[in-house]
Structure formats: structure tokens, C-alpha cells
Amino acid sequence: PPKDDIPASPSAFPSPAIPTDSVPVFVSAVESPGQFYVQLATQDEELTDLATRVADTYTTDYANFELTTFEPGQICCAKYSEDDFWYRGIIKTKEGDKCTVLFVDYGNVEDVATGDIARLQTDLANIAPYAIECQLGGLDATVEWTDEEVEKFTTATTDKELSGKFLGDSEK
């Protein structure tokens, strides 16, 4: 269909459902032990199906979803440079002809050229992100982590199924 017939995307993703019990998780992106993202192991197949839908839509038709304004907080679909696939995201900042995009199903962040950012199709925008932002419980949120500490945490958690227990804000 012509671009004008495509409804605008919602302005925000729905919130992910946070489990109340311990569940198997995979760490998908690490900024520090005080900020990292996990994916629920039980949603692996759903995430794969979503990634296929996004790829099928945007690999051939992304011009139909042209985006002309780029605002922080805006949801989008953006091409990730490591594999040239399209993923759902949120624009964090814009500088010149690049935007910093948080890829919401994985938690990683990348600077993306505006030409590689598109409007997110409505049905894809109505699915909650698969990556859940976390921090280790009991940590002081103001701690500055050294590169060595971040690397140790990343090595200890990457490519392993872990057990995660999600705490409310008052339990941190």
C-alpha cells in the first residue's frame, strides 16, 4: 500500500510482563552489573518468530515505512550494522544524520544512520519488548564500574542460561 495509508505507530511499546517467580533467563546485553538486559528463555521461539516477521517486512519494504522526523523516545525499526538485519528500537538521541537506537528485544545500543531507520509497523509496535532491563539486586545504583568489572560480569553471564528473580523497586 502507499505510505499514506499506513497508520502511525503507537508512541510507546507495551510494558513486558515481569515474572514473579525465578525463571530461566539469558543475558542479552551488558552495560554494567548495574544495567543489563535479559531475555526470558521461555520466549526464545516467540522472539525468533518476531525477528523473522521484522526481517520479512523491512528487508524488502522499508521504503514504505519512511521516517522523516527523528525524536528521542520515538519507537522505530532500525538496521543493525553487525548483520544488516532490521530490529525494533527506540531512538535515544539524535545528532546530525545519526541516531542512537536502543534495540528493545536485545538491549544493545548502536548509532544508526537516519537512512537506516524506519517507522515501525503498528502490529509490530503492539508487542512488548523481549529484553528486560535489570540490575543486580542490592547494588548501589551510583557505583561507577571499571572496564575490568564489566568484562568479568559479561564473561560470567554471556551464553549461559541463568536463573533470574525479578524484584520490585522497593526490593532492590
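Throughout what follows, the structure given in this document is the object of discussion.

Reading guide: rules and limits
Residues numbered from 1 in each chain as written. Predicted model: local features only at pLDDT ≥ 70, side-chain atom pairs only at ≥ 80, totals over all residues. Heavy atoms only, no water. Helix = DSSP H or I, 4+ residues; strand = E, 2+ residues; numbered from the N terminus. Buried < 20%, exposed > 50% of the residue type's maximum accessible area, 1.4 Å probe, protein only. Contact = heavy atoms within 4.5 Å. Core = buried A, V, L, I, M, F, W, Y, C linked by side-chain atoms within 4.5 Å. Pairing = 2+ DSSP bridges. Axes fitted to C-alpha atoms, helices over the stretch in contact; angles between N-to-C directions.

Our focus in this paragraph is the environment of Ser-28. The topology assignment puts Ser-28 in strand β1 (residues 23-32). Exposure remark for Ser-28: the relative accessible area of 27% places this residue in the partly exposed category. Residues Ser-28 and Leu-40 lie 12 residues apart in sequence; the distance between their C-alpha atoms is 9.9 Å. If we ignore the near neighbours within four places in the chain, the residues touching Ser-28 are Tyr-37, Val-38, Gln-39, Tyr-106 and Ala-131.

Okay, the nonpolar core next. Ranked by size, the top nonpolar core spans 16 residues in total, and within it Val-54, Tyr-58 and Leu-120 carry the most contacts. Sorting the residues of this core by element identifies α1 (44-61), β3 (75-80), β4 (85-95) and α2 (122-125) as the ones contributing at least two each. Element by element, the count of residues in this core is highest for α1, at 4 residues. Counting residues in hydrophobic clusters, the runner-up holds 12 residues, among them Phe-70, Cys-76, Tyr-87 and Phe-103.

On to the sheet that holds β3, then. One open sheet accounts for 5 strands, arranged β6-β5-β4-β3-β7; its pairing is antiparallel. The open sheet terminates on both sides in strands that have one partner only, identified here as β6 (109-113) and β7 (117-118). Pairing of β3 with β4 involves 6 bridges; the strand directions are antiparallel. Across the sheet, residue Cys-76 finds its bridge partner in β4, namely Gly-89. α1 contacts β3, β4 and β7 of the sheet and is inclined by roughly 75° relative to β4.

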